[in-house]
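# Summary of structural features
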Amino acid sequence: MRNFRDLEVWQSSVLFVKRIYIITGSFPQEEKFGLVSQINRCAVSIPSNIAEGCSRSSQKDFSRFLQISLGSAFELETQIEIAKELGFVDVILHLEIITELNVIQKRIQSLKKYVDSKV
């Protein structure tokens, strides 16, 4: 079993979740059960799937959970784009969020590539 807490990508994605929660806290109240809920759940899914994958006994299972985490990261990127289009996120904040998310996506992909090489 791997210790997910030692993974930089898990650490950075947990901090990213905190940032997302702060940002979605400023969205309109009527979005609480719509886009806010979807964005928050998606963001939480990123480090959660990394952690769950670490509990798996095989590299193949770990890789599959990293793929799920990466999928959540891309889904979140789409939701952030929608939030920008709806005017909930300004252009500068949007760029900051997407840039940070892209770094996390690349880290997950790199870790997945490494894990896949060990299968």
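### Re the overall build of the protein chain
Across its full length, the protein chain carries 4 helices and 0 strands. Traced from its N-terminal end to its C-terminal end, the protein chain shows the element sequence α-α-α-α. In summary, the protein chain has a C-alpha radius of gyration of 15 Å against a globular reference of 14 Å for 119 residues, a match within 12%. If one aligns the C-alpha atoms of the protein chain with their principal axes, the spans along those axes are about 45 × 25 × 20 Å. Looking at the protein chain as a whole, 41% of its 119 residues qualify as buried. Here the contacts in the protein chain between residues at least 6 apart in sequence split such that 73% fall between residues at least 24 apart. Surface summary for the protein chain: the accessible area is close to 6,900 Å², and the carbon and sulfur share equals 57%. Distance between charge centres in the protein chain, computed from 15 positive and 14 negative side chains, equals 9 Å.

### Quick notes on the packing of helix α3 (residues 59–85) against helix α4 (residues 91–117)
Close contact between α3 and α4 brings their axes to 9 Å; oriented N to C, the two are set at 165°. Considering their axes alone, α3 and α4 lie roughly antiparallel with respect to each other. The two elements α3 and α4 meet at a crossing, and its hand is left-handed. A breakdown of the residues in the contact of α3 with α4 according to their chemical character gives 13 nonpolar, 8 polar and 5 charged.

### Considerations on the packing of aromatic side chains
Applying the stated criterion to the full structure yields 2 aromatic pairs. With centroids separated by 5.3 Å and ring planes inclined at 45°, the aromatic side chains of F27 and F88 adopt a geometry described as tilted. Pair noted here: F27 is in the loop between α1 (8–24) and α2 (35–54) and F88 is in the loop between α3 and α4, with a separation of 61 residues, a long-range link.

### Observations concerning the pattern of salt bridges
Pairs can form between side chains of opposite charge whenever their charged atoms are close. Scanning the model with the defined rule gives 6 salt bridges in all. Linking E96 and R19 is a salt bridge whose minimum nitrogen-to-oxygen distance equals 2.8 Å. One end of the pair, E96, is in helix α4; the other, R19, is in helix α1, and 77 residues separate them in sequence. Taking the relative accessible area as the measure of exposure, E96 reaches 39% and is therefore partly exposed. Of the residues examined, R19 reaches a relative accessible area of 24% and is grouped as partly exposed.

### Comments concerning the nonpolar core
Counting 31 residues, the largest nonpolar core has F27, I39, L76 and I108 as its most contacted members. Listing elements by their share of this core, those giving two or more residues are α1, α2, α3 and α4. The leading source of residues in this core is α2, at 9 residues.

### Examining the environment of I39
With respect to the element layout, I39 can be found in helix α2. Sequence separation between I39 and V91 is 52 residues; the distance between their C-alpha atoms is 18 Å. Excluding residues that lie within four positions of it along the chain, I39 makes contacts with I20, T24, F27, L76, Q79, I80 and A83.

### A word on the environment of T99
Looking at where T99 falls in the secondary structure, it is placed in helix α4. T99 sits 22 residues away from E77 along the chain, and the two C-alpha atoms are 10.0 Å apart.

What counts and how
Residues numbered from 1 in each chain as written. Predicted model: local features only at pLDDT ≥ 70, side-chain atom pairs only at ≥ 80, totals over all residues. Heavy atoms only, no water. Helix = DSSP H or I, 4+ residues; strand = E, 2+ residues; numbered from the N terminus. Rg over C-alpha atoms; globule rule 2.2 N^0.38 Å. Buried < 20%, exposed > 50% of the residue type's maximum accessible area, 1.4 Å probe, protein only. Contact = heavy atoms within 4.5 Å. Areas by Shrake-Rupley, 256 points an atom, 1.4 Å probe, with all protein chains shown as cover. Lys, Arg positive; Asp, Glu negative; His and termini not counted. Charge placed at Lys NZ, Arg CZ, Asp CG, Glu CD. Axes fitted to C-alpha atoms, helices over the stretch in contact; angles between N-to-C directions. Parallel < 35°, antiparallel > 145°, perpendicular 65-115°, else oblique. Left-handed = near helix turned anticlockwise from the far one by under 90°. Nonpolar A, V, L, I, M, F, W, Y, C, P; charged D, E, K, R; others polar. Phe/Tyr/Trp six-rings, centres within 6.5 Å; stacked < 30°, edge-to-face > 60°. Salt bridge = Lys/Arg side-chain N within 4 Å of Asp/Glu carboxyl O. Core = buried A, V, L, I, M, F, W, Y, C linked by side-chain atoms within 4.5 Å.

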